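A structural walkthrough
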Amino acid sequence: MRFVKGHGTENDFVILPDPDARLELTAAGVAALCDRRAGIGADGVLRVARTERCAEVADQAGAAEWFMDYRNADGGIAEMCGNGVRVFARYLVEAGLAAAGEFGVATRAGVKRVRLAETGDVTVEMGRPLVLGASRTTVGGRTYDGLNVNMGNPHLACLIDDPVAGLDLGREPEFDREVYPDGVNIELINVVGDHAVVMRVHERGSGETRSCGTGAVATAVAAARAAGELTGAWQVRVPGGTVTVTLEADTSHLSGPAVLVASGVIEPGLLDQVMTPR
């Protein structure tokens, strides 16, 4: 089976073409595929399947031909991935499965509209962030307050005074499991200028990643609220680059680069671990 490797601000993914939805990923197999020493290596897997062939999202088929079946690096199923959907859109166009311009992508968090610019950037409409109150996390013995933001998946976005560059995110930060029973993506944020922030993130199921698209939007929401704003454009700098988040009254947009870097064939030994025919 063939694969493609891509990334959005170094948040990287293995893309698996499966147009007829004939393959069933296993959690252990996805973890093996994402292993950076024994597998291909990635923060997650994007399975490309026709929406009408996938029962869980078949009701979205009228608005989006293709379904992004996203899995975290530990094999866990995720609702949405902002950088992932941008890379997914880049793949669809490069593979001739969609025309450049604007189109919909089906996800477990609903249909996301994407637009490819001539500059190479990909913009995705992320929907209206849902602010659910406050919570807190503990990192390296320090406790930080944050904003509970749902972007189709859960986030805890924390504006802090300590430099985020000095934090140890090698292990999962502590958080309130009653608030986040299915885990949470945790963003640690410094404001560094006018509508500009630096962010690091620990993603549930993947550990620290070089970028997180839904996390960038949650970050912008938290930063905007701290500044007494609800709308506007924010530059979010992550270890893997920079993305732009635009907050509007009833939706949000995420823009940034999406790059395909390699393609190849999964050898039988690894393929047997990854998936089984439906």
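The structure contained in this document is the topic of the report that follows. (Residues numbered from 1 in each chain as written. Predicted model: local features only at pLDDT ≥ 70, side-chain atom pairs only at ≥ 80, totals over all residues. Heavy atoms only, no water.)

Examining the overall build of the protein
The condition that has to hold: Going along the chain from the N terminus, every DSSP run of H or I of four or more residues is numbered as a helix, and every run of E of two or more is numbered as a strand. Computation of the radius of gyration draws on C-alpha atoms, with the globule rule given as 2.2 Å multiplied by the number of residues to the power 0.38. The buried label applies to any residue whose accessible area, calculated with a 1.4 Å probe on protein chains only, is under 20% of its type's maximum; exposed applies above 50%, and partly exposed to all values in between. By definition in these notes, contact holds between two residues if any of their heavy atoms fall within 4.5 Å. For accessible areas, the Shrake-Rupley method is used with a probe of radius 1.4 Å. Any residue's cover is judged against the shown protein chains and nothing else.
Looking only at helices and strands, the protein features four helices and 20 strands. Taking 278 residues into account, the globule formula puts the C-alpha radius of gyration at 19 Å, and the protein, at 18 Å, falls close to it. On the principal axes, the C-alpha backbone points of the protein span a range of 50 × 35 × 30 Å. Out of the 278 residues belonging to the protein, those deemed buried represent 53%. Contacts in the protein between residues far apart in sequence, at least 24 positions, make up 63% of those at least 6 positions apart. With an accessible surface of roughly 11,800 Å², the protein has 46% of that area assigned to carbon and sulfur atoms.

Regarding helix H2 (residues 82-94)
Quick note on the threshold: An expected span of 1.5 Å times one less than the residue number is assigned to each helix.
With 13 residues, H2 extends 19 Å between its outermost C-alpha atoms, agreeing within 8% with the 18 Å of an ideal straight helix rising 1.5 Å per residue. Burial analysis of H2 places twelve of its 13 residues in the buried class, the great majority of the element. Residues of H2 that are buried include every one of Gly82, Asn83, Gly84, Val85, Arg86, Val87, Phe88, Ala89, Arg90, Tyr91, Leu92 and Val93, and no others. Of the residues trailing H2, glycine 96 is marked for its positive phi of about 75 degrees.

Points about the nonpolar core
Test applied: The nonpolar core is taken to be a set of buried Ala, Val, Leu, Ile, Met, Phe, Trp, Tyr and Cys residues, with the residues joined through side-chain atoms within 4.5 Å.
Membership of the largest hydrophobic core comes to 51 residues, with the highest contact counts inside it found for Met68, Leu92 and Phe103. Element by element, the count of residues in this core is highest for helix H3 (residues 213-226), at eight residues. If we skip the residues at most four places from it in the chain, methionine 68 touches Leu46, Arg47, Met80, Cys81, Gly84, Val85, Phe88, Val105, Ala106 and Thr107. If you look at the next biggest cluster of nonpolar residues, it comprises 14 residues, including Val14, Val30, Ile266 and Leu270.

Quick word on empty space enclosed by the protein
So the rule is basically this: Of the grid points, spaced at 1 Å and generated over the protein atoms alone, those admitting a 1.4 Å probe that cannot get out make up cavities, while open sets with protein on both sides within 12 Å along at least five of seven lines make up pockets; any residue with an atom within 4 Å of a point is treated as lining. Grid points are joined across faces, edges and corners, and a volume is the space filled by probe spheres set on the points. Note on residue classes: Ala, Val, Leu, Ile, Met, Phe, Trp, Tyr, Cys and Pro are nonpolar, Asp, Glu, Lys and Arg are charged, and everything else, Gly too, is polar.
The full count for this structure, using the stated rule, is one cavity of 30 Å³ or more. Its boundaries defined by the atoms lining it, the largest cavity holds a volume of some 50 Å³. Along its surface, the largest cavity is lined by Tyr70, Asn72, Ala78, Met80, Cys81, Asn153, Asn185, Glu203 and Arg204. Residue classes in the lining of the largest cavity are distributed as four nonpolar, three polar and two charged.

A few points about the layout of surface pockets
Estimates place the volume of the largest pocket at around 230 Å³. Pro129, Arg225, Leu230, Glu248 and Ala249 are the residues nearest the centre of the largest pocket, which is lined by 13 residues in total. When residues of the lining of the largest pocket are assigned to their parent elements, the largest contribution, three residues, is made by H3. Class assignment of the residues belonging to the lining of the largest pocket gives a composition of seven nonpolar, one polar and five charged.

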